[in-house]
Amino acid sequence: MTKAADVMVVTPHPDDAEFGVAGTVARWTREGRKVIYVVCSNGNKGTSDRSLKPDGLAEIREKEQMAAAKILGVQEVIFLRYPDQELEDTPSFRKEIVRLIRQYQPKIVVTSDPYRRYIWHRDHRIAGQVTLDAVFPYARDHLAYPDLLTEGLEPHKVEEILFWASEDINHRCDITDTFDLKIAALRCHESQIKEFDIPQLEDWLEERCRGMAEGEDFELAEGFHRAEIPW
Ligand SMILES: [Zn+2]
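**Q** Talk me through the overall build of the protein chain; I want residue IDs and the actual numbers.
**A** Of regular secondary structure, the protein chain possesses eight helices and seven strands. Projected onto its principal axes, the C-alpha positions of the protein chain cover 50 × 50 × 35 Å. Buried residues in the protein chain amount to 50% of all 231 residues. If you take every contact in the protein chain between residues at least 6 apart in sequence, the share linking residues at least 24 apart comes to 80%. For the protein chain, the centre of its 30 positive side-chain charges and the centre of its 43 negative side-chain charges are spaced 3 Å apart.

**Q** For the coordination of the zinc ion, give the residues involved together with the corresponding values.
**A** In an ideal octahedron of six donors the angles at the metal are 90 or 180 degrees, and in an ideal tetrahedron of four donors they are 109.5 degrees. The coordination sphere of the zinc ion contains the protein donors His13 (ND1), Asp16 (OD), Asp16 (OD) and His124 (NE2), at a distance range of 2.0 to 2.3 Å. Taken together, the four donor atoms coordinating the zinc ion and their angles of 57 to 138° define a geometry best described as irregular. One chain supplies every donor for the zinc ion, spaced along it as H-x2-D-x107-H. Of the two residues, Asp16 sits in helix α1 (residues 16–30) while His124 sits in helix α4 (residues 122–138), which places them 108 residues apart along the sequence. For the pair Asp16 and His124, a shared accessibility class is recorded, and that class is buried.

**Q** Kindly report on the packing of helix α6 (residues 179–187) against helix α8 (residues 201–212), identifying the contributing residues and their values.
**A** At a minimum axis separation of 11 Å, α6 and α8 run at an interaxial angle of 135°. Taken together, the axes of α6 and α8 lie oblique to each other. Both α6 and α8 take part in a crossing whose hand is right-handed. On α8, the residues touching Phe179, Lys182, Ile183, Leu186 and Arg187 of α6 are Leu201, Glu202, Leu205, Glu206 and Cys209.

**Q** Talk me through the packing of aromatic side chains; I want residue IDs and the actual numbers.
**A** For the structure shown, the criterion picks out five aromatic pairs. A centroid spacing of 5.0 Å and a plane angle of 55° characterise the contact between Tyr82 and Phe93, whose relative ring orientation is tilted. Of this pair, Tyr82 sits in strand β3 (residues 76–82) while Phe93 sits in helix α3 (residues 91–104), placing them 11 residues apart in sequence. A relative accessible area of 1% places Phe93 in the buried class. Both rings, one in Phe136 and one in Trp231, keep their centres 5.9 Å apart while their planes meet at 40°; by these two values the pair is tilted.

Conventions we followed
- Residues numbered from 1 in each chain as written.
- Predicted model: local features only at pLDDT ≥ 70, side-chain atom pairs only at ≥ 80, totals over all residues.
- Heavy atoms only, no water.
- Helix = DSSP H or I, 4+ residues; strand = E, 2+ residues; numbered from the N terminus.
- Buried < 20%, exposed > 50% of the residue type's maximum accessible area, 1.4 Å probe, protein only.
- Contact = heavy atoms within 4.5 Å.
- Lys, Arg positive; Asp, Glu negative; His and termini not counted.
- Charge placed at Lys NZ, Arg CZ, Asp CG, Glu CD.
- Donors = N, O, S within 2.8 Å, 3.2 Å for Na, K, Ca; no water.
- Tetrahedral: all angles 85-135°; square planar, octahedral: opposite > 155°, others 65-115°.
- Axes fitted to C-alpha atoms, helices over the stretch in contact; angles between N-to-C directions.
- Parallel < 35°, antiparallel > 145°, perpendicular 65-115°, else oblique.
- Left-handed = near helix turned anticlockwise from the far one by under 90°.
- Phe/Tyr/Trp six-rings, centres within 6.5 Å; stacked < 30°, edge-to-face > 60°.

See below:
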């Protein structure tokens, strides 16, 4: 069975997508596009609070992610539940993403830029790389994972992929009208916000989004590296 989505967001942890693409997601869903989230890791190491147990934290973070997705109009959230800090570029992880791409057939896939240099969470690097490879060429080629084809999951060609947190931004989306929803969605990740040590989150983020929109005819933006899949 295939279930169509316009956009698939593959996020390493609960909260990364809200930092990276939430304003754009809110815009898309307002326009009537179907957006789904795939959350790779359960985030069970993301705390400095020694009283929190990993399982409890993972549970909290799923609830936070669901609340954020609801605010943004995301239709479905799929949790892969890999342990935090343990994502690896394996055939089975890649296959999971390929399976979802073939099931949902998105035109656009959004994820974390794997090529950000130096200090970058390993899960962000791995999730970005695995997603990029899943998009091209594995989801497209019928001889990749032949068992998926046997299951009836036909190859699918994604049209474009957007990477957040890129050092090579070539695409800016206007989020002036949805910035408030980005903030509200980010605020759902309470367990993380207290870890950020950013006292004025709204101001800090507004400043960043304003900088991202520089040279454009709108005020606030999210910036991406955008690549079209040519073949
Ligand atoms: Zn993360």
